[in-house]
Amino acid sequence: MKAWIAGALSISLAAGSALGATPAPEPVDATLRTSAGKEVRLSKWRGKPVILFYEDKDSTKLNSTLKKELFARGQERGILDAAWVLAVANLQNFDFFPARQIALSFVRDEEKKVGVPILVDMDGALGQAPWKLPLKTSNIVLLDAEGALVYRHSGRMKPDELTTFFAVLSRLVGVDLNSPAPSEPSP
């Protein structure tokens, strides 16, 4: 009898979730700064999915495989503009004179190299609620077009975690990023 009740409860909970009984995730936001010091809200990038990398200075290479794959798959499928890519540097440990200016200068130099704006988090905003991201590692976050958090990962991604990331991103951009890219027909 207990097994039947547990099974029925599991089925009804699953059915409730499938029928929309679980509320949709709420949009999240934060105020950060550009490398020039201007305040900017993450909600500025709503309207398309957002791929957000939040890293401290020692973690920028931790998920370099993901970054390379993300660019390669987007380029192969011609969808580099299907989502916003945002990098956020955790500079909380450098929020004092003269380290702040040195760190911001380094971020500006990196922006020029990678061609992606790098926002800065001087006060650990993304380590606080509702984000609660670890401050001393590489964090990858996917937000849907309305700004709701739909995926997050902290630390180095393993191959199966890369597959999961690309599956979630595929749903957000409407293109299968885990299957081989369609090849061009030969003339």
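Everything below is about the structure printed above this text.
Below: a short report on this structure. Owing to the predicted nature of the structure, the values given are computational and were not obtained by experimental measurement.

**A closer look at helix 2 (residues 64–77)**
Piece 1. Between its terminal C-alpha atoms helix 2 stretches 20 Å, which fits the 20 Å expected from 14 residues at 1.5 Å a residue.
Piece 2. Among the residues making up helix 2, those that are buried are Leu66, Leu70, Arg73, Gly74 and Arg77. Relative to the axis of helix 2, the buried residues are bounded by an arc of 95 degrees and lie together on one face. In this structure, helix 2 carries Lys68 and Glu76 as exposed residues pointing more than 90 degrees from its buried face.
Piece 3. Residues of helix 2 that are buried make contact with strand 3 (50–55), strand 6 (139–143) and helix 4 (159–173).

**Regarding the pairing of strand 4 (residues 84–90)**
Piece 1. Of the pairings in the sheet, the one linking strand 3 to strand 4 comprises six bridges and is parallel in character. What sits directly across from Phe53, in strand 4, is Ala87.
Piece 2. Where strand 4 and strand 5 (residues 118–121) come together, four bridges link them in parallel fashion. Counterpart to Ala87 in the pairing with strand 5 is Ile118.
Piece 3. Regarding the hand of the β-α-β motif, the stretch spanning strand 4, helix 3 (residues 99–114) and strand 5 is right-handed.

**Section: the environment of Thr60**
Piece 1. Position of Thr60 relative to the elements: it lies in the loop between strand 3 and helix 2.
Piece 2. The exposure class assigned to Thr60 is partly exposed, which follows from its relative accessible area of 37%.
Piece 3. Through-space distance from the C-alpha of Thr60 to that of Thr137 is 8.3 Å; in sequence the pair is 77 residues apart.
Piece 4. Discounting chain neighbours no more than four positions away, the residues touching Thr60 are Glu55 and Lys67.

**Examining the packing of aromatic side chains**
Centre-to-centre distance and the angle between the planes together describe a pair of aromatic rings.
Piece 1. Applying the stated criterion across every chain yields a total of two aromatic pairs.
Piece 2. Considering the side-chain rings of Tyr151 and Phe165, the 5.8 Å spacing of their centres and the 65 degrees angle between planes classify their relative orientation as edge-to-face. With Tyr151 in strand 7 (residues 149–154) and Phe165 in helix 4, this pair connects stretches of sequence that are 14 residues apart.
Piece 3. Classification of Phe165 by relative accessible area gives buried; the value is 0%.
Piece 4. Ring geometry for Phe165 and Phe166: centres 5.1 Å apart, planes at 80 degrees, overall edge-to-face.

**Remarks on the pattern of salt bridges**
Piece 1. Scanning the model with the defined rule gives eight salt bridges in all.
Piece 2. Notably, a salt bridge pairs Lys67 with Glu55, separated by 3.0 Å at the nearest N-O pair. Linking Lys67 in helix 2 with Glu55 in strand 3, this pair joins segments that are 12 residues apart in sequence.
Piece 3. The partly exposed category is assigned to Lys67, whose relative accessible area is 27%.
Piece 4. In this structure, Glu76 and Arg77 form a salt bridge, with 3.2 Å as the shortest nitrogen-oxygen distance.

Parameters at a glance
- Counting of residues starts from 1 at the beginning of each chain's written sequence and follows it residue by residue.
- Selection of residues for local features in this predicted model requires a pLDDT of at least 70, selection of side-chain atom pairs for listing and counting requires 80 or more, and totals for whole chains, interfaces and linings are taken over all residues.
- The basis for the side-chain values is all heavy atoms of the structure; hydrogens and waters are excluded.
- Helix numbers and strand numbers start at the N terminus; a helix is a DSSP run of H or I with at least 4 residues, a strand a run of E with at least 2.
- Here, expected helix span is obtained from the residue count minus one, scaled by 1.5 Å.
- Only protein chains enter the calculation, and the probe is 1.4 Å; a residue is then buried if its accessible area is under 20% of its type maximum, exposed if over 50%, and partly exposed in between.
- This arc is built from the directions going out from the helix axis to the C-beta atoms.
- Contacts were defined at the residue level, with two residues in contact if any of their heavy atoms lie within 4.5 Å.
- In this description, strands pair whenever DSSP reports at least two bridges between them.
- By definition, the crossover connecting two strands over a helix is right-handed if that path, from the first strand to the second, turns clockwise as seen with the strands pointing away from the viewer.
- Pairing of aromatic side chains here covers Phe, Tyr and the six-membered ring of Trp, requires ring centres within 6.5 Å, and sorts the geometry by plane angle: under 30 degrees stacked, over 60 edge-to-face, intermediate tilted.
- Criterion for a salt bridge: a side-chain nitrogen of Lys or Arg within 4 Å of a carboxyl oxygen of Asp or Glu.

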